[in-house]
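Examination of the molecular architecture
Here's the letter readout for the chains.
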Amino acid sequence: MTRTGKDTTVVIVGGGVAGLALGNFLLRRGIGCIVLEKHSREYVEQRQRAGSLDADGVRVLHEWGVGEVVEGYSHGSSDAGLPLLIDGEKREWRMDSDDADDVDGAYCPQQILVRNLIKVFLRDGGDLRFEAEDVSPQDIDTEQPLVRYRDAAGSTKTLSCDVVAGSDGYHGVSRTAVPADVLTCSTHEFGYAWLTVMTEVPADPLAVLAVHSRGFAAQITRGPNASRLYLQCPLTDTVGQWPDERVWSELEARFGRPVAPKGPITSKQVVPLRGVVFSPMSHGRLYLLGDAAHLISPMSAQGMSLALHDAEVLARAVIHWAEKHDSTLLESYSDTCLNHTWERQASAVRMTETMHDSGDTSYEGEFRKQIARKNLETMLEPLPANHPSR
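An account of the accompanying structure is given in this report. Residue positions are given per chain, counted from 1 along the sequence in the order it is written. Local features in this predicted model are restricted to residues whose pLDDT is 70 or higher, and side-chain atom pairs enter the listing and the counts only when it is 80 or higher, whereas totals over whole chains, interfaces and linings include all residues. Side-chain metrics rest on all non-hydrogen atoms present in the structure, leaving aside hydrogens and water.

Observations regarding the overall build of the protein chain
Regarding its fold elements, the protein chain presents nine helices and 19 strands. With the radius of gyration taken over C-alpha atoms, the globule rule is written as 2.2 Å times the number of residues to the power 0.38. On C-alpha atoms alone, the protein chain measures out to a radius of gyration of 22 Å, which is about the 21 Å that the 2.2 N^0.38 rule sets for 390 residues. Expressed along its principal axes, the backbone C-alpha trace of the protein chain runs to roughly 75 × 45 × 45 Å. When a residue's accessible area, from a 1.4 Å probe over protein chains only, is under 20% of the maximum for its type it is buried; when over 50% it is exposed; and in between it is partly exposed. The proportion of buried residues among the 390 residues of the protein chain is 52%. Contacts: residue pairs with any heavy atoms within 4.5 Å of one another. Nonlocal contacts in the protein chain, meaning residues at least 24 apart in sequence, comprise 71% of its contacts between residues at least 6 apart. When the accessible surface of the protein chain is split by element, carbon and sulfur atoms take 48% of a total near 17200 Å². A run of DSSP states H or I qualifies as a helix once it reaches four residues; a run of E qualifies as a strand once it reaches two. Both are numbered from the N-terminal end. Only the protein chains shown count as cover for residues, and the accessible areas themselves come from Shrake-Rupley with a 1.4 Å probe.

The following block contains the structure:
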């Protein structure tokens, strides 16, 4: 439903996972929405990003009738989908009895999930406008906020609505509409970075993590013919210090075994690990979701699941307001999502510190390494009684 005198009920700024999920959820309940995406469809559908969804994220998609977007990407719950190598030795994650679930998580590269969300949204009659530049949410403190933008033809357009959903990422414009004296930013820096390397080599298995005295390492699938490598490194490292030969040799050293096949490397970037939370996640008629509201350590693999959680909470709040004329859920949106976000941030910090402090002592020292190793053991299946280390 679109309210009288408005172009639509919700204008969604940003066509990533959060925005497209929200659009699909609203569409299924007959709530009018328009999605504005800065980039072209081709760019969005090819943009490489992390691709892990937990069981809750997959469940959300199925409950809203769009589970088809992750069909074929389930990784199962019996082994958590993540082989772990500790100093070259394979270990198994502990699976407690209450971890059993009838819904599995999924390794679905983000560009594929986005591609599928776009396909379903457009197939079902959604309004998605690519190459919408100079987007500017305005009058968010009023009952009729506006969103101005310049379309692909260069014409300036103005949309009136009831709600603006800011899902345009950490560097997007939506958050800038919140007054500086209202918004707070809480940040945690871990003190090290990942060298992230995109390579034209498939990952088999789909994801491998490694803890080693030289540092953390991982290889994660990004589709049938691509994978991304991660190598813990100092914040001061530069891409120039990591020629292709060093990348592969270091990955092998930290995995404790040969890595094959090796192939072309298409990009490298040094990314500091950190957590960021903006508060509040709403102001007036503007609601922030996904990376526009928070960044979580990539070690947690929770970015997309957090985005889906925000999208579901906001979708239910908008639907409740539109159908019941009750704004209670909209008013509690920020508190609800922040509570969930901080829970996930707490878990992410524990996991990140455990996996990184367990390896290279040059960052946090031997004491922290031993503590981290003990914490890590609580997450793993016990070693056999006859194991040399026991």
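Here's the deal with helix 1 (residues 17–28)
In this model, helix 1 (twelve residues) spans 17 Å end to end at C-alpha, consistent with the 16 Å of a helix rising 1.5 Å per residue. With respect to burial, helix 1 is a largely interior element, ten of its twelve residues being buried. Along helix 1, the residues that are buried comprise Val17, Ala18, Gly19, Leu20, Ala21, Leu22, Gly23, Asn24, Phe25 and Leu26. Once helix 1 finishes, Gly30 follows within two positions and takes phi at roughly 75°, a positive value. A helix is expected to span 1.5 Å for every residue after the first.

Section: the pairing of strand 15 (residues 227–233)
Of all seven residues in strand 15, seven are buried; the element is thus mostly enclosed. Alternating residues of strand 15 divide into Ser227, Leu229, Leu231 and Cys233 and Arg228, Tyr230 and Gln232, and every residue in both groups is buried. In this description, strands pair whenever DSSP reports at least two bridges between them. The sheet contact formed by strand 12 (residues 184–199) and strand 15 spans seven bridges and is antiparallel. Bridge assignment links Trp194 to a residue of strand 15, and that residue is Gln232. Alignment of strand 14 (residues 217–221) against strand 15, held across five bridges, turns out to be antiparallel. In the strand pairing of strand 15, Gln219 is matched with Leu229. Following strand 14, the chain reverses through five residues before pairing antiparallel with strand 15; Gly223 in that reversal takes a positive phi of roughly 125°.

Section: the sheet that holds strand 9 (residues 146–150)
Taken in spatial order, the three strands make up an open sheet running 8-9-10, and their pairing is antiparallel. Looking at strand neighbours, the two that pair on one side only are strand 8 (133–138) and strand 10 (156–160), the edges of this open sheet. With strand direction ignored, the average angle separating the axes of adjacent strands in the sheet is 15°. Sheet topology places strand 9 next to strand 10; five bridges connect them, and they run antiparallel. The residue bridging Leu146 from the neighbouring strand is Ser160, located in strand 10. Under this scheme, a helix contributes an axis fitted over its contacting stretch, all axes are lines through C-alpha atoms, and angles between N-to-C directions fall in the 0 to 180 degree range.

What about unusual backbone geometry?
Following Asp204, the chain continues to Pro205 via a peptide bond in cis, the omega torsion being 5°. Summarising the element assignment, Pro205 is placed in the loop between strand 12 and strand 13 (207–211). Within the chain, Asp87 stands out as a residue other than glycine whose phi angle is a positive 50°. Take Asp87: it is sitting in the loop between strand 4 (84–86) and strand 5 (89–91).

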